[in-house]
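Working through the structure, step by step
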Amino acid sequence: MHAPIQRYLDTVHESLLDIRGGSTKSPNAVLASQDPNLCGLAMTTSDGFTYTAGDAEVPFAIQSISKVFCYAIALQDRGFAYMDSKIDVEPSGSSFADLSSESGSGRPKNALINIGAIAATGQILPERGRTVFDKILTVMSACAGRELEMDEDVHSQDSQGSAHNRGLTWFLSSWGILEGDPNPAHDDYTKQCAIAVTARDLSVMAATLANLGVNPVTQERVFDTRVVERVLSVMLTCGMYDDSGDWVASVGLPAKSGVGGGIISVLPGQLGLASFSPPLDEHGSSVRGLAAHRQISSDLELHFVRTS
Ligand code: GLN
């Protein structure tokens, strides 16, 4: 069973190497200097076995893929009714950095665009003796099955260029979506984006979602089933920003991309898939990553509407 899957992943990885296009241009000098040739794939099944191909052990910044896990923590902490009063679950149809919120209330369209993610992180409750960011790091580490760390250089670069996200944060504050001092929500969001992961880590994190909140490698329960159901629903409709419709039509899996070059997708009950390749398209998604998830979904018939 293992050898054919491994061979299949190797074949997909090899076919990705021919794909050019996309750009590593970024205001973040660390992201801009990533080697565009890096390319890694990883798949973790719900019985806890991980397959990798290419540069699956190379660390990079999780960036917006962190939004999925922080939304889950906030839902877990605050419950659905409270979170829904703060953040909607509608696709925004526009870029991840846009001011996509309900007119008259400031409620962000969803938790996977920047404005919604800052709002979600701002709802995470600190626990005794632990900062909010410690908690984020601990929970994300539990999903990955190893201790993750923040990349200080990525964080320092993102912090220097964060005027726009700070603007979104103060907008949320003006509407009372963020109560009290809004700066910690911004700062924790900026830190969560700088957490370093590998494609292997991301595949285990995705498989924790596939396994409805239980890490399939360590068997630790990280999230409640209902929280995962909600998070996967929002990933399906909003995870790829203004490319979400195209993604659902062609791949048909809940997913999330990040400007660090990572993409995860989740087949509930079965597996988590992760890719890493730095050059990005105009939506901020990895070009080779998109091709990889498209191909794997098509070859293995993973689309939620199976046609054959
Ligand atoms: N840190 C980036 C930002 O806040 C994350 C964006 C992304 O990965 N799409 O803009």
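Predicted model, so just to flag it, every value in this text is computed and none were measured.

**Describing the overall build of the chain**
The helix and strand inventory of the chain stands at 13 helices and eight strands. At 18 Å, the chain has a C-alpha radius of gyration in line with the 19 Å of a compact globule built from 308 residues. The dimensions of the chain, computed from C-alpha atoms along their principal axes, are 55 × 40 × 40 Å. Long-range contacts, defined here as pairs at least 24 residues apart, represent 67% of the contacts in the chain between residues at least 6 apart.

**Describing the site of the ligand**
Residues in close proximity to the ligand include Gln63, Ser64, Phe96, Ala97, Asn114, Asp158, Asn165, Cys193, Gly258, Val259 and Gly284, which together make up its full environment. Class assignment of the residues belonging to the shell around the ligand gives a composition of four nonpolar, six polar and one charged.

**Describing the nonpolar core**
Cys70, Tyr71, Ala72, Leu202, Ala206, Val231 and Ile264 are the most contacted members of the largest nonpolar core, which has 93 residues in total. Beyond its immediate stretch of four places on either side in the chain, Ile264 contacts Ile65, Leu202, Met205, Ala206, Ala255, Lys256, Gly272, Leu273 and Ala274.

**Side note on the pairing of strand S1 (residues 40–45)**
Counting buried positions along S1 gives six out of six residues, so the element sits mostly inside the fold. Side chains of S1 alternate between two faces, with Gly40, Ala42 and Thr44 and Leu41, Met43 and Thr45 buried alike. Pairing geometry for S1 and strand S8 (residues 271–276), over six bridges, is antiparallel. Within the sheet, the bridge partner assigned to Ala42 lies in S8 and is Ala274.

**Comments concerning the sheet that holds strand S7 (residues 262–267)**
The strand order across the open sheet built from five strands is S2-S1-S8-S7-S6, with neighbouring strands paired in antiparallel fashion. Lying at the two open borders of the sheet, with one neighbouring strand each, are strand S2 (50–54) and strand S6 (255–257). Averaged over all adjacent pairs, the angle separating strand axes in this sheet is 10 degrees, with direction ignored. Here three bridges tie S6 to S7, and the two strands are oriented antiparallel to one another.

**Quick notes on the UniProt feature "binding site: substrate" (unreviewed entry) in the chain**
Using the residue numbers shown here, the UniProt feature "binding site: substrate" (unreviewed entry) corresponds to Ser64, Asn114, Asn165, Tyr189, Tyr241 and Val259. Tracing the backbone shows Ser64 in the loop between strand S3 (60–61) and helix H3 (66–78). The contacts of Ser64, once residues within four sequence positions are left out, are Phe96, Cys193, Lys256, Ser257, Gly258 and Val259. Inspection of the secondary structure assignment puts Asn114 in helix H5 (residues 114–121). Judged by the 23 C-beta atoms lying within 10 Å of it, Asn114 falls in the buried class.

**Comments concerning the environment of Met43**
With respect to the element layout, Met43 can be found in strand S1. Along the sequence, Met43 and Ile124 sit 81 residues apart, while their C-alpha atoms lie 29 Å from each other. Setting aside residues up to four positions removed in sequence, Met43 forms contacts with Leu9, Tyr51, Ser203, Leu271 and Leu273.

**A word on unusual backbone geometry**
Although it is not a glycine, Leu212 adopts a positive phi angle of roughly 55 degrees. A positive phi angle is found at Tyr241, which is not glycine, with a value near 55 degrees. One can find Tyr241 in the loop between helix H11 (225–238) and helix H12 (244–250). Its 26 C-beta neighbours within 10 Å are what place Tyr241 among the buried residues.

**Digging into the sheet that holds S3**
The antiparallel open sheet is built from three strands, whose spatial order is S3-S5-S4. In the strand order of this sheet, the two ends are held by S3 and strand S4 (149–150), each with one partner. Pairing geometry for S3 and strand S5 (residues 195–197), over two bridges, is antiparallel. Bridge pairing links Phe60 to Val197 in S5.

**Topic: the confidence of the model for the chain**
Chain-level pLDDT for the chain is 96 on average; 99% of the residues reach the 70-or-more range. Across the interfaces of the predicted complex, the ipTM metric reaches 0.96, alongside a pTM of 0.97.

**Some details on helix H13 (residues 287–299)**
Within an α-helix, residues lying three or four positions from one another point in the same direction, as the helix has 3.6 residues per turn. Look at H13: 18 Å from first C-alpha to last across 13 residues, which is about the 18 Å you get at 1.5 Å a residue. Along H13, the positions that sit buried rather than exposed are Val287, Arg288, Gly289, Leu290, Ala292, His293, Ile296 and Ser297. At its buried positions, H13 is contacted by helix H1 (2–16), S1, S6, S7 and S8.

**Examining the packing of H5 against helix H8 (residues 163–174)**
In contact at an axis separation of 9 Å, H5 and H8 are set at 60 degrees when each is read in the N-to-C sense. With respect to each other, H5 and H8 are oriented oblique. Relative to H8, H5 is oriented so that their crossing is right-handed. The segment H5 lies against H8, with Asn114, Ile115, Ile118 and Ala119 engaging Asn165, Leu168, Thr169 and Leu172. A breakdown of the residues in the contact of H5 with H8 according to their chemical character gives five nonpolar, three polar and no charged.

Cut-offs applied
- Residues numbered from 1 in each chain as written.
- Predicted model: local features only at pLDDT ≥ 70, side-chain atom pairs only at ≥ 80, totals over all residues.
- Helix = DSSP H or I, 4+ residues; strand = E, 2+ residues; numbered from the N terminus.
- Rg over C-alpha atoms; globule rule 2.2 N^0.38 Å.
- Contact = placed C-beta atoms within 7 Å.
- Near = placed C-beta within 6 Å.
- Nonpolar A, V, L, I, M, F, W, Y, C, P; charged D, E, K, R; others polar.
- Core = buried A, V, L, I, M, F, W, Y, C linked by C-beta atoms within 7 Å.
- Buried ≥ 20, exposed ≤ 12 C-beta atoms within 10 Å, placed from the backbone.
- Pairing = 2+ DSSP bridges.
- Axes fitted to C-alpha atoms, helices over the stretch in contact; angles between N-to-C directions.
- UniProt positions renumbered as here; feature names shortened; annotations may be inferred.
- pLDDT = per-residue confidence, 0-100.
- Expected span 1.5 Å × (residues − 1).
- Parallel < 35°, antiparallel > 145°, perpendicular 65-115°, else oblique.
- Left-handed = near helix turned anticlockwise from the far one by under 90°.

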